[in-house]
Amino acid sequence: MKRSDAVIFILGERRNQLPGERGAAYAPANIALCKYWGKRDAELNLPVTSSLSISLGALGAHTDICPAENDEFILNEKEMSADHPATVRLFDFIDLFRDPDGPRFKVVSKSTIPVGAGLASSASGFAACVLALDDLYGWGLQPHECSILARLGSGSASRSVYSGFVKWNAGEQPDGMDSYAEPLPGTWSDFCVGMVVLSDTPKKVGSREGMIRTVTTSTLYDAWPAQVEKDMQEIEEGIQKKDVAQVGIAAERNALAMHATMMAATPPLLYWKPATVEVLHRVWALRRDGVNVYLTMDAGPNVKLLFLKDEEDLIRSGFPQIKIVHPF
Ligand code: PMV
């Protein structure tokens, strides 16, 4: 199935509705505790496994869309050129939803997170775009429909339509209509995510290419689905029990296992910098000193820490440059 067919399937008759004057929405970024790495369908961004994330509250994308004479993309108050990869990717996505003979759009987006820093800026960007289009056209989409449509922009965007802990069920159907995210019940007011940003330059190998390379060449990838199943169960149970050690140990193991699958690819894929390894050792040293702190990493050199509020002061003194988020 093509992305455009999936959009037609979801919107149905609503595809004929005309856009209103303005649509606006916000979507948070998210950090996976149990990672999505590998697609079973690259066109529809259907994952090999389920994944689970925490949304980052006020860190995300505010997007405003209004009909205009020409397509225009303004990101963080900067006019983006028409041939910039982010502009091309955005309007390719928007084209799935609009009448080719209808108006063009001016899209104004403000990201409160560093763009391209491996901090899931594309996830919040695509989720906010779908929610803003829903507002512009007045489609009245259900949350799971928004999640499916956001997934067509970037897989992890399926999780950014919700706040709190979110699980994206891999699904089994070839059309992906059972592959969407859902929020997990409950809140955890003490839960913190700390971002140790070591580099804000865009990565050389994007997640799409990285996943394809890993799935097709890494012998360690065969072990990945079973790893996810085990980690997912422990993370979900740990969230229910509000047991930060259970969540943290499984999330850390999951992230390191994901990176191990990448390193075993041909050619090898290593997103870490020397400073990344230094941060890992600092986290493990703190843990040896009795601090309940755990780490996770995505397709980039930055490290994210997981801990509870009562450890905040200790963490800040260990990582002076850290940005701490309270998701609840
Ligand atoms: O959604 P994408 O294509 O940006 O891939 C996200 C991949 C990871 O961030 C590494 C893992 C995840 O589940 O978010």
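Look up a bit, the structure's there.
Residues numbered from 1 in each chain as written. Predicted model: local features only at pLDDT ≥ 70, side-chain atom pairs only at ≥ 80, totals over all residues. Heavy atoms only, no water.

Trainee: Can you help me understand the pairing of strand β4 (residues 51-68) in this one?
Mentor: The two faces of a sheet get side chains in turn, since along a regular strand they alternate between them. Pairing between strand β1 (residues 23-34) and β4: 10 bridges, direction antiparallel. Within the sheet, the bridge partner assigned to A32 lies in β4 and is S53. Here β4 runs beside strand β8 (residues 165-168); their pairing, made up of four bridges, is antiparallel. The partner of S53 across the bridge, within β8, is V166. Strand direction decides the pairing type here: β4 and strand β7 (residues 104-111), joined by eight bridges, are antiparallel. Looking across to β7, one finds that A68 is bridged to R104. (Pairing = 2+ DSSP bridges. Helix = DSSP H or I, 4+ residues; strand = E, 2+ residues; numbered from the N terminus.)

Trainee: Is there a simple way to explain the nonpolar core in this structure?
Mentor: Nonpolar side chains tend to gather and get buried jointly when the protein is soluble and globular. Residues W37 and F97 are the most contacted members of the largest nonpolar core, which totals 84 residues. Per-element accounting of this core gives the leading share, 10 residues, to helix α3 (residues 121-137). With residues near it in sequence (within four places) discarded, F97 still touches V7, L11, V130, L133, Y137, W139 and L149. One finds V291, M297, F307 and I315 within the second-largest nonpolar core, a separate group that totals 17 residues. (Core = buried A, V, L, I, M, F, W, Y, C linked by side-chain atoms within 4.5 Å. Buried < 20%, exposed > 50% of the residue type's maximum accessible area, 1.4 Å probe, protein only. Contact = heavy atoms within 4.5 Å.)

Trainee: How should I be thinking about the site of the ligand in this particular structure?
Mentor: Not every one of the 14 residues close to the ligand is listed here, only the nearest: A32, Y36, S156, R159 and S207. Surface burial for the ligand is 90%, taken as the share of its 380 Å² of free accessible area covered by protein chains. Grouping the amino acids of the shell around the ligand by side-chain chemistry returns six nonpolar, five polar and three charged. (Near = heavy atom within 4 Å. Areas by Shrake-Rupley, 256 points an atom, 1.4 Å probe, with all protein chains shown as cover. Nonpolar A, V, L, I, M, F, W, Y, C, P; charged D, E, K, R; others polar.)

Trainee: What should I look at first to understand the packing of aromatic side chains in this one?
Mentor: Describing an aromatic ring pair means giving the distance of the ring centres and the angle of the ring planes. Scanning the entire structure with this criterion turns up 10 aromatic pairs. Pairing Y36 with W168 gives two aromatic rings, centres 4.8 Å apart and planes at 65°, and the pair type is edge-to-face. Of this pair, Y36 sits in the loop between β1 and β2 (39-41) while W168 is found in strand β8, placing the two residues 132 residues apart along the sequence. Here Y36 and W168 have matching classes, each one buried. Ring pairing ties together the aromatic residues F93, F97, F105, F126, Y137 and W139, which thus form one cluster. (Phe/Tyr/Trp six-rings, centres within 6.5 Å; stacked < 30°, edge-to-face > 60°.)

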